[in-house]
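Residue strings, one per chain:
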Amino acid sequence: MIELMAKIADRYGLYDLHKNYTKKDQFYYDKSEISKVNIDFYARPDIPELKFEKSDSSDNYEYGTISFSSQVDGDGKDAVFYYATKNTKKPVNIIMIHGWRSKLNKLDNIFKEGIMQEGFNAYSYVLPYHLERAPQESAYNGEYFLTANTIRTLNAFKQAVSDIRALIRYIKDIKKETVYIIGLSLGGLVSNLVCEHEDVDALASLFYANDLAYTIFHATSGKYIKRDFVNNKFYEEQLSDCWKIINPSLSKPIIDKNKILLVSGRYDEYVLPPDTNKLWEAWGRPQRYVYDCGHSGIVLLKKKIRDNTMKFLRGIEG
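This is a predicted model, so every value here is computed, not measured.

The rules behind these values
- Residues numbered from 1 in each chain as written.
- Predicted model: local features only at pLDDT ≥ 70, side-chain atom pairs only at ≥ 80, totals over all residues.
- Heavy atoms only, no water.
- Buried < 20%, exposed > 50% of the residue type's maximum accessible area, 1.4 Å probe, protein only.
- Helix = DSSP H or I, 4+ residues; strand = E, 2+ residues; numbered from the N terminus.
- Pairing = 2+ DSSP bridges.
- Right-handed = clockwise from strand over helix to strand, strands pointing away.
- Salt bridge = Lys/Arg side-chain N within 4 Å of Asp/Glu carboxyl O.
- Phe/Tyr/Trp six-rings, centres within 6.5 Å; stacked < 30°, edge-to-face > 60°.
- Expected span 1.5 Å × (residues − 1).
- Polar contact = N/O pair within 3.5 Å; in protein donor to acceptor, adjacent residues only side chain to side chain.
- Contact = heavy atoms within 4.5 Å.

Details of unusual backbone geometry
Despite not being glycine, Asp 59 has its phi angle at roughly 50 degrees, a positive value. For Ser 185, which is not a glycine, the phi torsion comes out positive at approximately 60 degrees.

Quick look at the pairing of strand E4 (residues 92-97)
Counted residue by residue, E4 has 6 buried out of 6 residues, so it is predominantly covered. Burial along E4 is two-sided: Val 92, Ile 94 and Met 96 facing one way and Asn 93, Ile 95 and Ile 97 facing the other are all buried. Bridge analysis of E4 against strand E6 (residues 178-184) gives 6 bridges, and the strand direction is parallel. Paired with Ile 95 across the bridge in E6 is Ile 181. Alignment of E4 against strand E5 (residues 121-125), held across 5 bridges, turns out to be parallel. Note that in E5 the partner of Asn 93 across the bridge is Asn 121. In this fold, the crossover linking E4 to E5 by way of helix H3 (residues 105-118) has right-handed handedness.

Some remarks on the pattern of salt bridges
Applying the stated criterion across every chain, the model contains 17 salt bridges. The shortest N-O distance in the salt bridge between Glu 198 and Arg 44 comes to 3.0 Å. Residue Glu 198 is found in the loop between helix H5 (186-194) and strand E7 (202-206), and its partner Arg 44 is found in the loop between helix H2 (31-38) and strand E1 (51-58); the two are separated by 154 residues along the sequence. Judged by its relative accessible area of 47%, Arg 44 falls in the partly exposed class. Between Lys 175 and Glu 177 there is a salt bridge whose closest N-O contact spans 3.9 Å. Of the residues examined, Lys 175 reaches a relative accessible area of 35% and is grouped as partly exposed. Among the residues examined, Glu 177 registers a relative accessible area of 14% and is labelled buried. The network of salt bridges with shared partners includes Arg 44, Arg 165, Arg 169, Asp 173 and Glu 198.

Quick notes on the packing of aromatic side chains
All told, the structure shown has 16 aromatic pairs when counted by the stated rule. On the basis of an interplanar angle of 80 degrees and a centroid distance of 5.9 Å, the ring pair of Phe 27 and Phe 229 is categorised as edge-to-face. Here Phe 27, found in the loop between helix H1 (2-17) and H2, pairs with Phe 229, found in helix H7 (residues 223-231); they are 202 residues apart in sequence, far enough to count as distant. When its relative accessible area of 23% is taken as the criterion, Phe 27 is described as partly exposed.

Remarks on helix H4 (residues 150-174)
For H4, with 25 residues, the first-to-last C-alpha span of 36 Å sits near the 36 Å given by 1.5 Å per residue. Of all 25 residues in H4, 21 are buried, a share of seventy percent or more. For H4, the N-terminal capping position is held by Asn 149, with its side-chain oxygen 3.3 Å away from the main-chain nitrogen of Ile 151. Lys 176 sits one or two residues past H4 and shows a positive phi near 60 degrees.

Section: the side chain of Ser 70
Position of Ser 70 relative to the elements: it lies in the loop between strand E2 (61-68) and strand E3 (79-86). Engagement of the side chain of Ser 70 in a polar contact is seen with the side chain of Gln 159, the distance being 3.1 Å.

Considerations on the side chain of Asn 192
Relative to the assigned elements, Asn 192 resides in helix H5. What makes Asn 192 buried here is its relative accessible area of 0%. Residue contacts for Asn 192: discarding those within four places in its chain leaves Leu 203, Ser 205, Tyr 208, Ala 209, Pro 248, Leu 279 and Trp 283.

If you want it as structure tokens, here you go:
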């Protein structure tokens, strides 16, 4: 019964997701361009010059946005983080990364209360091509981040990882403060890539994607992207090779395994369990929760996810 309910919830969510989809064939591939994109793909960004725009303050917290020039030309927009910060003697900073086609409030609604109870600072990153970073011609939020345009997708990931690492550098190198990352779904994949190249203090990766070629060709969530690939006779093996640089299970995190928490759903139909298991195995089986739910568990089990994640982070803090 639990499995049935989980699948029904996920399929309803997928039905709603697919009400909007890219009507125009997005396929584009050029081997020489792929090679150029992959040069210095994970080059360490410079410490950025931050622009702060305060919007409010209450309960000893200041709210607003941080922006800075992105050091990778992906969507052509500045990096944007929404922040909630508090003056404390030993600051802990949590960077949250939302999912594909999602809004910031999905993660904020789960974790903001717990973060503030702990007195942590919070930063919510806006992924390229999402929200205010979306081009005017976008039919929906996040339309151009993940598509059958192989070059643009790689550049979007390159930009996302660089933007986040730039803020981490500012916090750790200039302010000498602690940084944790919480990523959800596609944001979980981005978080995992970040932690293979930047020494953060802890990672909580929730319902994370892994091998996007596998997801697109086997999960319902990628069916319209798969359509574009198949129509152009470009198949999973080719795509897997093309995007191997953004497959975290082909590399290792540089942070200690004890600082990693992975969360997944046993009946997930957005990102499939065989693929999430592959990352867990490749990373040496760090601490993991596998809930009896689907991808929709991030909503249906949000209290349990919040409590377990915050308990893990408090344990890191010691």
